[in-house]
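In case you want the letters, here they are:
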Amino acid sequence: MLEKTNTPIVIDVEASGFGKGSYPIEVGIVLSDGSRHCYLIAPARGWTHWDEQAERVHGISRELLQTHGRSVQDVAWRLNQLLRNKTVYSDAWAFDMSWLGKLYDAANMHQTFRVADITELMDEEQMRQWDLVRHRVIAELGLRRHRASGDARILQETWRRLNPRAA
């Protein structure tokens, strides 16, 4: 478990849609030092599901992925290099684990880091305050919502504000 004084590494994954057939299209990470990494993912062979409603939310088109997306092998390798033997935290653990599983399966690689639910790092009072503080962070940072690195940054900053002893 993370010590209260360390800022967690946060991950967020955007996907082609929700439910069966969806796949990861963007992964964003914010490291403990606040540096951000974001990777668009070109769809692997066989990844065809596309939800127009999800595209309206994240604003990432298939054309953008085909033009600027990295291969699943490249993204999986980069994540492994960046996060090897570390625990990263997500606010949508079940979804993000499923999409990362699809990424690593398509890349035919083993994931070298652990993903955990960010609520593991909070007490009951912090969980009660989470939504209020997160909305303040969103308003203050002015980041575009539903892009992976922006959402990861919002989550990390929300956690930091709820943990005044954070580095």
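To be clear, the structure that these remarks concern was listed above.
Residues numbered from 1 in each chain as written. Predicted model: local features only at pLDDT ≥ 70, side-chain atom pairs only at ≥ 80, totals over all residues. Heavy atoms only, no water.

Engineer: Before we move on, can you summarise the pattern of salt bridges with the specific residues and values?
Structural biologist: What the rule picks out here adds up to ten salt bridges. Measuring nitrogen to oxygen at the nearest pair gives 2.5 Å for the salt bridge that ties Arg160 to Glu157. Placement of both Arg160 and Glu157 in helix α6 (residues 148-162) is noted, with a separation of three residues, approximately one turn of the helix. Taking the relative accessible area as the measure of exposure, Arg160 reaches 35% and is therefore partly exposed. Judged by relative accessible area, Glu157 falls into the buried class, the value being 6%. Each member of the salt-bridge network shares a partner with another, and the members are Glu140, Arg153, Glu157, Arg160 and Arg161. (Salt bridge = Lys/Arg side-chain N within 4 Å of Asp/Glu carboxyl O. Helix = DSSP H or I, 4+ residues; strand = E, 2+ residues; numbered from the N terminus. Buried < 20%, exposed > 50% of the residue type's maximum accessible area, 1.4 Å probe, protein only.)

Engineer: Can you break down the nonpolar core residue by residue, with the values?
Structural biologist: One finds Leu79, Leu100, Leu103 and Phe113 to be the most contacted residues of the largest nonpolar core, which totals 30 residues. Taken together, the elements giving at least two residues each to this core come down to β1 (9-15), β2 (24-30), β3 (36-40), α3 (72-83) and α4 (93-107). Filtering out sequence-adjacent residues up to four positions away, Phe113 remains in contact with Ile11, Leu79, Asn80, Leu83, Asn85, Lys86, Val88, Leu100 and Tyr104. Judged by nonpolar contacts, the second largest core, of 16 residues, contains Val10, Val133, Ile154 and Leu155. (Core = buried A, V, L, I, M, F, W, Y, C linked by side-chain atoms within 4.5 Å. Contact = heavy atoms within 4.5 Å.)

Engineer: Break down the pairing of β1 for me, citing the residues and quoting the values.
Structural biologist: Strand residues, when the strand is regular, have side chains that alternate between the two faces of the sheet. When you tally the buried positions in β1, you get seven out of seven residues, the bulk of the element. The side-chain alternation of β1 yields two buried faces, one formed by Ile9, Ile11, Val13 and Ala15 and the other by Val10, Asp12 and Glu14. Two elements, β1 and strand β4 (residues 87-90), share two bridges in a ladder whose sense is parallel. Paired with Ile9 across the strands is Val88, a residue of β4. Looking at chain direction, β1 and β2 are connected through six bridges and run antiparallel. Residue Asp12 lies in a different strand from β2, and its bridge partner there is Gly28. (Pairing = 2+ DSSP bridges.)

Engineer: Quick rundown of the packing of aromatic side chains? Include the residues and the values.
Structural biologist: Tallied over the entire structure, the rule returns four aromatic pairs. Measuring from centroid to centroid gives 6.5 Å for Phe18 and Trp99, while their planes differ by 55°, and the two rings are tilted. Linking Phe18 in the loop between β1 and β2 with Trp99 in helix α4, this pair joins segments that are 81 residues apart in sequence. The interplanar angle of 70° and the centroid separation of 6.2 Å between the aromatic rings of Tyr104 and Phe113 together place this pair among those described as edge-to-face. Of the residues examined, Tyr104 reaches a relative accessible area of 3% and is grouped as buried. Linked through ring pairs, Phe18, Phe95 and Trp99 together constitute an aromatic cluster. (Phe/Tyr/Trp six-rings, centres within 6.5 Å; stacked < 30°, edge-to-face > 60°.)

Engineer: Report on the pairing of β3, specifying residues and quantitative values.
Structural biologist: Alignment of β2 against β3, held across five bridges, turns out to be antiparallel. Paired with Glu26 across the bridge in β3 is Leu40.

Engineer: Describe α3, and please don't skip the residues or the numbers.
Structural biologist: With twelve residues, α3 extends 16 Å from end C-alpha to end C-alpha; this agrees with the ideal 16 Å at 1.5 Å per step. The complete set of buried residues in α3 reads Val72, Val75, Ala76, Leu79, Asn80 and Leu83. Along the long axis of α3, the arc covered by the buried residues comes to 130°, so they all point the same way. Contacts made by the buried residues of α3 are with β1, β2, β3, β4 and α4. After α3 finishes, the residue Asn85 shows a positive phi value of roughly 60°. (Expected span 1.5 Å × (residues − 1). Arc of directions from axis to C-beta.)

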